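# Inside the fold
Listed below, chain by chain, are the residues.
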Amino acid sequence: MAVVTPPDFSEGTAGAGASRPAAVARLFATMAGESLVARIGWTILSVGLFVGLWELCWLVGWADPKLLPPPHIFLGSIAEQGKFFNTATRWQIGKSMADGPSAFESVMITVAATTMRVFVGLLIASVLAIGTGVLVRYYKLFDRLVLPTVTLLSPVSPIAWLPVAIFIFGIGNGPAIFMVVVALFFHMVLATITQIDGVSNNLINVARTMGATKRQIYGRVIVPAILPGMLAVLRMNLFGAWMVVLIAESTGVGYGMGQVIMLARNTFNPSLVFFTIAVIGVLGFAFDWLLRQAQRRILYWLPDQTEKLRAL
Amino acid sequence: MRSDRPIRFSSKDAVVCRGVGKTWAAGTRRAHEALRDIDLDIKPGEFVVFLGPSGCGKSTLLYLIAGLEDVTGGHVWSFGDRVETPSPQRSLIFQETSLFPWLTVWENVSFGLSIRGAGKEERRSVAKDALQRVGLTAAMDKRPDELSGGMRQRVAVARALAMRPKVLLMDEPFAALDVQTRARMQDFLLDVWRDSGASVLFVTHHIDEAVALADRVVVFTARPGRIKTIVPIDLPRPRNLFSADAEVLRIQLTNLLRDEVDRAFAEQEALASAL
Ligand SMILES: Nc1ncnc2c1ncn2[C@@H]1O[C@H](COP(=O)(O)OP(=O)(O)O)[C@@H](O)[C@H]1O
Ligand SMILES: [Mg+2]
């Protein structure tokens, strides 16, 4: 974002040079509260505990492997399960399961398609929502014309939009992306407005006494001031987007994780369900991590509160 | 009724208030009179302290003089011009830190210049200059969260000075600092004030601070704030705050303030019991 100009070190003054190592050191300091290795260890332990419990239930016979196949079963059959991800050719006459891409390729194609829908949807929703939120506060008329409708529509469940998505966009990427956008947009507009209203009056007044115009105040004070909150909102909504995209895909899109879940349901294949859930979990986790890294880098001025809160 | 009275003032005065009043949320059921009938003249280069019980409208008056809020009665002038909007000539410094956390110290200090579109070279040199005056050139490339409370307020002062204001409005700027830091900051502020030649309007509820700093102390009544009296502080500078004269002034101000604090309390209690 243009407003958060990182210092330019090219001029080579002694003072300016000192700042980048400091920033890097801070970044590492926040990460090194626990070392990366330790955190990976804890993650593995956390998942391992859950898996272990499940396997134990299977071992003592509480978990019927036909209904709740434990990880070693549904992960053990990855090779065959992967084939089912090739949903594109499923209904085509004259094609057997053996045709088309390999199991691994099928999984990758499916994952890529779903991820793309999530990200395009999230991107469109964020840009539209932040733009709308800022305009609502910037122009009174816009506020009066738009905000009531946004508030009215925001409690509507994404499921209710599903027919609309199909009416308008038919089948393909369109309805899935539309679903993600429509599920996130209204909340994000309201979140943006809340963030704007929370900007410290002092900061705005400082800019005003320095002769900043309304536009400059929005661009140089309000937008950077709401960035931390907006990135938090984005992170929350990343999970929302993953949930909604499955619903959309399970109905009318040729391929995608939602389709695979639907297929698993129709063919009574619990292993496939759990395998897909595992893939989604890993993806969600990975993207959340990426977003957190981005957050750290963009919001370098925020101190990390995690340890402080825990030490209370 | 005010308008038919001829308004006289010197257009050279840094700030002139005539019949200034402010009612918050005027015309609604929550209307709330904060200030009434303020007449005040402040000379260029004068150091004026506002003293009064909390909630009497001192901050409100600073906001009106800064042009950040509109008066609901009377008028404010600064150097002969009506105050209607904020201006870089009149810088406001707040009690809580008001530095932009996403900018470095020098970027904060030169924020006003960047608003005007000044180039980086110019901004950095102006920032350096202003930071020199508050003794913080070494912290130029730090971020606000790396500084102590006192340092942050000095940066805020530097940011105000970088605009070369003719009037410095300070709203309890040292209230959040510990006693030792505050004493140092007062000395520092007096140096800055002498160098800059600006008028300073300084809000406090500390009588010691008023006696240490002011040419004149404006004592306010409880809400709605009016000027109760103006006490000149004719102590030679640098001041010996332990002198008998200083003690007399402190006692005088304490007595003036005590009545108003009592009244403010009584009013708040009446309000609370009416609820
Ligand atoms: N923005 C505002 N809106 C409504 N009322 C306000 C606002 N700011 C201050 N007030 C009210 O005006 C009165 C004076 O407040 P203030 O000027 O902050 O007092 P002081 O700075 O002397 O403590 C208080 O009763 C306060 O509640
Ligand atoms: Mg105040």
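A brief look at the structure comes next. Every value quoted in this text rests on a predicted model; they were computed, and no experiment measured them.

### Some remarks on the overall build of chain A
- When its secondary structure is counted, chain A shows 14 helices and zero strands.
- For chain A, the α and β elements follow one another from N to C terminus as α-α-α-α-α-α-α-α-α-α-α-α-α-α.
- Within the span of chain A, comprising 312 residues, buried residues form 40% of the whole.
- The long-range share in chain A, meaning contacts at least 24 apart out of those at least 6 apart in sequence, stands at 71%.

### Notes on the interface of chain B and chain A
- Counting residues at the interface gives 29 residues for chain B and 26 residues for chain A.
- Of the roughly 2,700 Å² buried where chain B meets chain A, counting both sides, 58% is carbon and sulfur surface.
- Considering only the surface of chain B that becomes buried against chain A, Trp102, Ile115 and Arg143 of chain B emerge as the three largest contributors, covering 27% of it.
- Joining chain B to chain A, the criterion identifies zero salt bridges.
- If you look at where chain B meets chain A, you find four residue pairs in polar contact (both at pLDDT 80 or more).
- Among the secondary structure elements, those contributing two or more residues to the side of chain B that touches chain A are strand E6 (90–93), helix H3 (111–115) and helix H4 (120–133) of chain B.
- The biggest single contributor to the side of chain B that touches chain A is H3 of chain B, with four residues.

### Details of the sheet that holds strand E9 (residues 216–220) of chain B
Residue and element names in this part refer to chain B.
- With respect to topology, six strands assemble into an open sheet ordered E6-E7-E8-E3-E9-E10, the strand pairing being mixed. Two strands bound the open sheet, and with one partner strand each, they are E6 and strand E10 (227–232). Pairs of neighbouring strands in the sheet enclose a mean axial angle of 15°, with direction left out of account.
- Pairing of E9 with E10, which is carried by five bridges, proceeds in the antiparallel orientation. Each residue of the ladder has a partner; that of Val218, found in E10, is Ile230.
- Contacting strand E3 (47–51), strand E7 (167–171) and strand E8 (199–204), helix H6 (residues 179–196) crosses the sheet at an angle of about 135° to E3.

### Regarding the site of ligand 1
All names here are of chain B.
- Around ligand 1, the neighbouring residues are Trp24, His32, Ala34, Ser54, Gly55, Cys56, Gly57, Lys58, Ser59, Thr60 and Arg223.
- Between ligand 1 and the protein, one listed contact pairs an oxygen atom with a backbone N or O atom of Cys56 at 3.3 Å.
- Gly57 places a polar main-chain atom, nitrogen or oxygen, 3.0 Å from an oxygen atom of ligand 1.
- About the coverage of ligand 1: the protein hides 63% of its 560 Å² of free accessible area.
- Elements with a contribution of two residues or more to the shell around ligand 1: strand E2 (32–42) and helix H1 (58–66).
- The element contributing the most residues to the shell around ligand 1 is H1, with three residues.

### A short note on the pairing of E7 of chain B
Residues and elements named next belong to chain B.
- Across the five residues that make up E7, a large majority, five, are buried.
- The alternating pattern of E7 places Val167, Leu169 and Asp171 on one face and Leu168 and Met170 on the opposite face, and all of these are buried.
- Bridging between E6 and E7 involves four bridges; their strand directions are parallel. Bridging from a neighbouring strand, Leu92 pairs with Leu169 of E7.
- As paired strands, E7 and E8 are joined by five bridges and run parallel to one another. From the neighbouring strand, Met170 faces E8, where its bridge partner is Phe202.
- Following the chain from E7 across H6 to the adjacent parallel E8, one finds a crossover that is right-handed.

### Things to note about unusual backbone geometry
- The amide bond that connects Arg223 of chain B to the next residue, Pro224 of chain B, takes the cis arrangement and shows omega of -5°.
- Inspection of the secondary structure assignment puts Pro224 of chain B in the loop between E9 and E10.
- A cis amide bond links Arg237 of chain B with the next residue in sequence, Pro238 of chain B, at an omega value of -10°.
- Its location among the elements puts Pro238 of chain B in the loop between E10 and helix H8 (244–274).
- The backbone phi angle of Phe268 of chain A is positive, close to 50°, even though this residue is not glycine.
- Mapped onto the elements, Phe268 of chain A comes out in the loop between helix H12 (257–266) and helix H13 (270–298).
- What makes Phe268 of chain A exposed here is its relative accessible area of 58%.
- Although it is not a glycine, Glu172 of chain B adopts a positive phi angle of roughly 45°.

### Observations regarding the packing of aromatic side chains
- Summed over the entire model, instances satisfying the criterion amount to 19 aromatic pairs over all chains.
- Ring centres of Phe169 of chain A and Phe178 of chain A lie 5.3 Å apart, and the angle between their planes is 40°; this geometry places the pair in the tilted category.
- Overall, Phe169 of chain A belongs to the partly exposed group, its relative accessible area being 39%.
- Ring pairs connect the aromatic residues Trp161, Phe169, Phe178, Phe185 and Phe186 of chain A, which therefore count as one cluster.
- If you follow Arg124 of chain B out to its NZ or CZ, it ends over the ring of Trp106 of chain B, 5.1 Å from the centre.

### A word on the environment of Leu257 of chain B
Residue and element names in this part refer to chain B.
- In this fold, Leu257 is placed in helix H8.
- Expressed as a C-alpha distance, the spacing of Leu257 and Thr221, which sit 36 residues apart in the sequence, is 8.1 Å.
- Leave out the neighbours within four places in its chain, and Leu257 touches Leu51, Gly52, Pro53, His205 and Ile207.

What counts as what
- Every chain's residues receive numbers from 1 upward, in the order its sequence appears when written.
- All chains are assigned letters beginning with A, and all ligands numbers beginning with 1, in the order in which they are written.
- Under the rules for a predicted model, residues below a pLDDT of 70 receive no local features and side-chain atom pairs below 80 are neither given nor counted, while totals for whole chains, interfaces and linings still include all residues.
- Side-chain measures were taken over the full set of non-hydrogen atoms in the model, leaving aside hydrogen atoms and water.
- Starting at the N terminus, helices and strands are each numbered in turn, a helix being any DSSP run of H or I of at least four residues and a strand any DSSP run of E of at least two.
- Only protein chains enter the calculation, and the probe is 1.4 Å; a residue is then buried if its accessible area is under 20% of its type maximum, exposed if over 50%, and partly exposed in between.
- The contact rule is simple, with two residues in contact once any of their heavy atoms fall within 4.5 Å.
- Computed with a 1.4 Å rolling probe, the buried area is the accessible surface lost when two parts are put together, summed over both parts.
- Each reported salt bridge corresponds to a side-chain nitrogen of Lys or Arg within 4 Å of a carboxyl oxygen of Asp or Glu.
- Polar contact is defined as a pair of N or O atoms within 3.5 Å, subject to the rule that within protein one atom must be able to donate a hydrogen and the other to accept it, and that residues adjacent in sequence are counted only when both atoms are side-chain atoms.
- Strand pairing requires that DSSP identify at least two bridges connecting the strands.
- A fitted line through C-alpha atoms serves as each axis, taken over the contacting stretch for helices, and the angle formed by two N-to-C directions is quoted from 0 to 180°.
- The cutoff for a nearby residue is simple: one of its non-hydrogen atoms must lie within 4 Å of the molecule or strand.
- For the area figures, the Shrake-Rupley method with a 1.4 Å probe applies, and any residue is considered shielded solely by the protein chains shown.
- When the strands point away from the viewer, a crossover counts as right-handed if the route from the first strand across the helix to the second turns clockwise.
- A pair of Phe, Tyr and Trp rings is counted when the ring centres sit within 6.5 Å of each other, with Trp represented by its six-membered ring. The angle between the planes then sorts it: under 30 degrees is stacked, over 60 is edge-to-face, the rest tilted.
- By definition, being over a ring means that NZ of Lys or CZ of Arg is both within 6 Å of the ring centre and within 35 degrees of the ring normal.

What is shown is where atoms sit, not what they do.
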